[in-house]
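Observations on the model geometry
The chain contents come next:
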Amino acid sequence: SIFHNITSKLYIHGFMNMKFKSVFILSLLAACLSFYACMHSDASSAAAPGLHLNGTWQLLAGMTITGKDTVPYASDFRMIKIINDDHFAFLRHDKNPPKDSSNHFDGGGGIYTLTGNQYTEHLDYYSDRNWEGKPFTFTVELRGDTLIQTGIEKVDAAHIDHIIIEKYVKEH
């Protein structure tokens, strides 16, 4: 074997003492384990611990579910969500703004936590103050460059209580 040939040559040259042999064997073992781990790692099996949400995400589609009613999001607006290490922000405006200055703009943000696949937005800023100060928890899933979040939006003061499902693609 290769190991036997190397150790034989080292012994012949007088370099094989007990301390060197132990260090050599441990180093060889560590290198083999590292190589094995790299060759057999599967990013998709890392599930929640491998979630990296940082970036700018473009909304592709969304829907609300209230009871038995499912309503897809309108397609007349553009929305992005920006996520860094501990904050998020979302910005939304008309795709085709009117000729006057009545562009409908919506935005909000705050801090978030991510525990496993549970992503909780703590909405500190929003255009409708009824929503501020509330946590919204979503189950998130990454599929390549696509982020899918599903959760409940409940704001009693705004008479909102529905499930939302949103699908984003990461902007590069």
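Everything that follows concerns the structure shown earlier in this document.
This write-up is about the structure you can find in this document.

Comments concerning the pattern of salt bridges
On inspection of all chains with the given rule, the structure shows six salt bridges. Taking the shortest distance from any N to any O, the salt bridge between E132 and R129 comes out at 3.4 Å. Across the pair K154 and D156 runs a salt bridge whose closest N-O atoms are separated by 3.4 Å. For D156, a relative accessible area of 56% gives the class exposed. Residues participating in the shared-partner salt-bridge network are K154, D156 and D161.

Overview of the packing of aromatic side chains
Considering all chains together, one arrives at seven aromatic pairs under this definition. Ring geometry for F90 and Y126: centres 5.7 Å apart, planes at 50°, overall tilted. Taken as a pair, F90 in strand 4 (residues 87–94) and Y126 in strand 6 (residues 118–126) lie far apart in primary sequence, 36 residues in all. The exposure class of F90 is buried, given its relative accessible area of 11%. A relative accessible area of 17% means that Y126 is categorised as buried.

What about a nonpolar patch on the surface?
A cluster of nonpolar side chains, contributed by I82, L91 and F105, occupies part of the molecular surface with about 260 Å² of accessible area. With respect to the helices and strands, the residue I82 is situated in strand 3 (residues 77–83). Given the relative accessible area of 35%, I82 is considered partly exposed.

Brief notes about the environment of I163
Mapped onto the fold, I163 is located in strand 9 (residues 160–170). As a C-alpha pair, I163 and T64 span 99 residues in sequence and 5.5 Å in three-dimensional space. Apart from the residues within four sequence positions on either side, I163 is in contact with M63, T64, I65, T150, G151 and I152.

Thoughts on the pairing of strand 5 (residues 105–115)
Summarising the sheet, strand 4 and strand 5 pair through seven bridges and their orientation is antiparallel. Bridge assignment links F90 to a residue of strand 5, and that residue is G108. Here eight bridges tie strand 5 to strand 6, and the two strands are oriented antiparallel to one another. Each bridged residue has a counterpart across the sheet, and for L114 the counterpart in strand 6 is Y119. Between the antiparallel neighbours strand 5 and strand 6 lie two residues, among them G116 with a positive phi of about 65°.

Some thoughts on the pairing of strand 8 (residues 146–155)
With seven of ten residues buried, strand 8 is to be regarded as a mostly interior element. Where strand 7 (residues 134–143) and strand 8 come together, six bridges link them in antiparallel fashion. Pairing of V140 across the sheet is with Q149, part of strand 8. Joining the antiparallel neighbours strand 7 and strand 8 is a turn of two residues, in which G144 adopts a positive phi near 65°. Sheet analysis places strand 8 next to strand 9, joined by ten bridges and oriented antiparallel. Looking at the pairing, Q149 lines up with E166 of strand 9. Linkage of strand 8 to strand 9, two consecutive antiparallel strands, is achieved through a turn of four residues, within which H159 is found at a positive phi near 55°.

What counts, and at which threshold
Residues numbered from 1 in each chain as written. Predicted model: local features only at pLDDT ≥ 70, side-chain atom pairs only at ≥ 80, totals over all residues. Heavy atoms only, no water. Salt bridge = Lys/Arg side-chain N within 4 Å of Asp/Glu carboxyl O. Buried < 20%, exposed > 50% of the residue type's maximum accessible area, 1.4 Å probe, protein only. Phe/Tyr/Trp six-rings, centres within 6.5 Å; stacked < 30°, edge-to-face > 60°. Helix = DSSP H or I, 4+ residues; strand = E, 2+ residues; numbered from the N terminus. Patch = residues over 30% accessible without salt bridge, like charges linked within 9 Å, V, L, I, M, F, W, Y side chains within 5 Å. Areas by Shrake-Rupley, 256 points an atom, 1.4 Å probe, with all protein chains shown as cover. Contact = heavy atoms within 4.5 Å. Pairing = 2+ DSSP bridges.

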